[in-house]
Amino acid sequence: MDALAASFPGSEVSQDESLAREFEQRLADCPKLAYRVALGVLHNPTEAEDVAQEAMLRAYHNFYRLRDRERFRGWLVRVAFRLALDRIRAKGRRQRHEHDAMRATLNAQREASVENLVAAREFERQVAQALDALPEKLRIVMVLAAIEGYNTREVAQLAGLPEGTVKSRLFLARKKLAESLQCRVKNTPAG
Amino acid sequence: MSCEKYSGWLTDAALGELRAEREPELLAHASECDSCREALSHAREVGEFVDRGVEALVAGEPSPHFATNLRRRIAQETESLQSPWMAWAPIIAAALAITAVLAIMVAHSHVRSLPNPSLAPAGAPISALHEAATASPTSPQLARRTEGKHAPEPSTQARPRTTALPEIIVPKGQLSAAAQLSAAINSGRVDGNQLLAAQQEYQKPLEVQPVEIAPLEIPALDDATEKPANSIRF
């Protein structure tokens with residue numbers, strides 16, 4: 001057993017050098033996906049990191065049946081989403097919109113006045129509220145579509161859904177969000 | 001009227017989901033209608049904000065220590081799994097704690113269950129009281145026992161039996177009265193023998209005198225005059 005496998009002691013991964021190498025690859029490119037899915041639900045970087053860690057830990061324990069990369073990523077997305085929802089339910093509707101400190105604002109690239117910053121944060125809070133109000137099946141496709149601009153096919157692969165279903169759900173989610181935010185947009189800074 | 005028709009298309013158009021044949025119609029109307037043109041522009045702006053807003057919500061990177069922390073968590077879990085007794089440690093600790101609590105409870109209940117005259121149930125045998133009452137007033141054992149018993153201390157009540165002194169079991173709340181009686185007997189103010197005799201007198205069974213009942217005398221009847229008219233003969 002080489003050093004790579006030894007870095008994952010215990011269970012099947014440490015017994016199999018190739019398995020350890022594959023998990024090392026997943027560890028290099030998948031945590032960001034899990035983290036962003038959790039962030040889309042929790043809106044809190046610390047909690048999102050916790051959830052992503054937990055999801056990756058579970059993936060490690062089940063890695064013997066998740067060797068296929070796409071299967072692994074889909075499984076990870078769904079577990080991270082579910083864990084994040086569980087965490088929200090455990091804590092209740094709460095103070096999760098109040099952190100905001102390190103999150104990028106909508107106008108991060110431009111020079112923001114205090115008014116703009118306040119307005120952007122307020123709008124971000126409203127988007128988060130509207131997103132939280134979506135049904136889970138709409139929310140996950142909306143979050144996945146927002147991550148690195150995944151297209152419908154990629155979202156379908158990650159969510160484990162037919163592409164047509166994803167397309168209709170995505171449209172419905174955006175429409176609901178738009179309707180929910182329509183009355184608020186005029187008071188926020190324009191892009 | 002036509003504005004109402006197109007208002008339902010605006011959001012779909014802004015999100016790029018309006019049916020292809022409807023889009024030219026909507027655009028043609030918007031070019032002539034200021035309010036619909038403004039509404040369409042607003043809907044497009046909202047659509048952009050939706051996408052950008054959600055993208056902003058999911059923008060972020062895990063910390064640089066993510067992989068290190070994950071490896072540490074895996075190692076910790078594996079360690080606990082590799083040493084079986086460590087996995088059982090919480091259970092063993094819980095079992096020890098429960099055992100300790102049970103031992104304390106048993107010890108406590110044992111102390112409570114030791115002889116305690118003052119806690120004797122009502123109706124407990126009081127024959128031993130007779131023994132105390134009939135004992136010689138000069139008996140050193142009884143004198144020692146009754147000495148200073150007018151106000152018995154709780155600690156002495158719970159003391160286990162260590163001598164051959166007769167136990168006096170009295171109903172609850174009557175310990176003080178029994179102690180006073182014992183002291184009175186010891187001092188000679190009350191004659192124990194007399195008390196016992198009186199008690200024995202009360203315990204004598206009642207003598208019931210048999211009642212003598214004289215047999216009934218039935219006079220002989222005259223067949224002709226006393227026989228009922230409707231009697232049946234067999």
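Residues numbered from 1 in each chain as written. Chains lettered and ligands numbered in written order. Predicted model: local features only at pLDDT ≥ 70, side-chain atom pairs only at ≥ 80, totals over all residues.

Chemist: So what exactly am I meant to see when it comes to the overall build of chain A here?
Modeler: A count of helical and extended segments in chain A gives 10 helices and 0 strands. Ordered by position in the sequence, the α and β elements of chain A form the string α-α-α-α-α-α-α-α-α-α. Per-residue burial over chain A gives 40% buried out of 191 residues. Sequence-distant contacts, at least 24 apart, represent 56% of the contacts inside chain A between residues at least 6 apart. (Helix = DSSP H or I, 4+ residues; strand = E, 2+ residues; numbered from the N terminus. Buried ≥ 20, exposed ≤ 12 C-beta atoms within 10 Å, placed from the backbone. Contact = placed C-beta atoms within 7 Å.)

Chemist: Sorry if this is basic, but what is going on with the packing of helix 2 (residues 23–32) of chain B against helix 3 (residues 34–58) of chain B here?
Modeler: In helix packing, the relevant descriptors are the interaxial angle and the interaxial distance, both defined with respect to the helix axes. All names here are of chain B. Closest axis-to-axis distance for the helix 2/helix 3 pair is 5 Å, and the angle between their directions is 120°. Considering their axes alone, helix 2 and helix 3 lie oblique with respect to each other. When the axes of helix 2 and helix 3 are compared, the crossing they make is left-handed. Contacts from His29, Ala30 and Ser31 in helix 2 reach Cys36, Arg37 and Leu40 in helix 3. A class-by-class count of the residues in the contact of helix 2 with helix 3 yields 3 nonpolar, 2 polar and 1 charged. (Axes fitted to C-alpha atoms, helices over the stretch in contact; angles between N-to-C directions. Parallel < 35°, antiparallel > 145°, perpendicular 65-115°, else oblique. Left-handed = near helix turned anticlockwise from the far one by under 90°. Nonpolar A, V, L, I, M, F, W, Y, C, P; charged D, E, K, R; others polar.)

Chemist: Sorry if this is basic, but what is going on with the environment of A:Glu179 here?
Modeler: Mapped onto the secondary structure, A:Glu179 falls in helix 10 (residues 163–181). On the basis of neighbour counts, which here come to 14 C-beta atoms within 10 Å, the residue A:Glu179 falls in the partly exposed class.

Chemist: Is there a simple way to think about the nonpolar core in this case?
Modeler: A general tendency of soluble globular proteins is for nonpolar side chains to be buried together. A:Ala34, A:Ala38, A:Leu76, A:Ala80, A:Val141 and A:Met142 are the most contacted members of the largest nonpolar core, which totals 74 residues. At 10 residues, the largest contribution of residues to this core is made by helix 3 of chain B. Setting aside anything within four residues of it in sequence, one finds A:Val141 in contact with A:Val155, A:Ala159, A:Val166, A:Arg169, A:Leu170 and A:Ala173. With 7 residues, the next largest nonpolar core counts B:Val170, B:Ala178, B:Ala179 and B:Ile185 among its residues. (Core = buried A, V, L, I, M, F, W, Y, C linked by C-beta atoms within 7 Å.)

Chemist: When you look at helix 1 (residues 2–14) of chain B in this model, what are you seeing that I'm missing?
Modeler: Because the α-helix completes a turn every 3.6 residues, residues three or four places apart line up on one side. Residue and element names in this part refer to chain B. For helix 1, which comprises 13 residues, the first-to-last C-alpha distance of 18 Å matches the rise-based estimate of 18 Å (1.5 Å per residue) to within 8%. The largest bend along helix 1 measures about 35° and falls at Gly8. One or two positions beyond helix 1, positive phi appears at Gly16, with a value near 75°. (Expected span 1.5 Å × (residues − 1). Bend = angle between axes of the 7 residues up to and from the residue.)

Chemist: I would appreciate a short explanation of unusual backbone geometry in the present structure.
Modeler: Trans is the prevailing form of peptide bonds, just as negative phi is the prevailing case for residues other than glycine. Residues other than glycine seldom take positive phi values, yet A:His43 does so here, at roughly 60°. In this structure, A:His43 sits in the loop between helix 4 (31–42) and helix 5 (45–61).

Chemist: Help me out: how do you make sense of the confidence of the model for chain B in this one?
Modeler: Of the residues in chain B, 66% reach a pLDDT of 70 or more, and the chain-wide mean stands at 73. Listed scores for the predicted complex are pTM 0.54 and ipTM 0.73. (pLDDT = per-residue confidence, 0-100.)

Chemist: Can you help me understand the packing of helix 8 (residues 136–146) of chain A against helix 10 of chain A in this one?
Modeler: Residue and element names in this part refer to chain A. Relative orientation of the contacting elements helix 8 and helix 10 amounts to 90°, with a least axis distance of 9 Å. Comparing their axes, helix 10 and helix 8 come out roughly perpendicular. Along its contact with helix 8, which presents Lys137, Leu138, Val141, Met142 and Ala145, the element helix 10 presents Val166, Arg169, Leu170, Leu172 and Ala173. The residue inventory of the contact of helix 8 with helix 10, partitioned by class, reads 8 nonpolar, no polar and 2 charged.

Chemist: Looking at this model, I keep getting lost on the interface of chain A and chain B. Mind explaining?
Modeler: By convention, interface size is frequently given as the accessible area that disappears when the constituent parts associate. Residue-level contacts link 42 residues of chain A with 34 residues of chain B. Of the residues in the side of chain A that touches chain B, the class split is 27 nonpolar, 7 polar and 8 charged.

Chemist: Please explain the environment of A:Asp68 as it appears in this structure.
Modeler: Residue and element names in this part refer to chain A. Position of Asp68 among the secondary structure elements: in the loop between helix 5 and helix 6 (69–91). For Asp68, a count of 11 C-beta atoms within 10 Å corresponds to the exposed category. Note: C-alpha distance between Asp68 and Glu22 (46 residues apart in sequence) is 9.4 Å.

Chemist: What's the story with the confidence of the model for chain A in this structure? I'm lost.
Modeler: Where the model shows low pLDDT, its predicted coordinates should not be examined in detail. Mean pLDDT over chain A works out to 78, with 74% of the residues at or above the 70 mark. In this model residues 98–112 of chain A is a low-confidence stretch, pLDDT under 50, and it forms 23 contacts with partners more than four residues away in sequence or in other chains.

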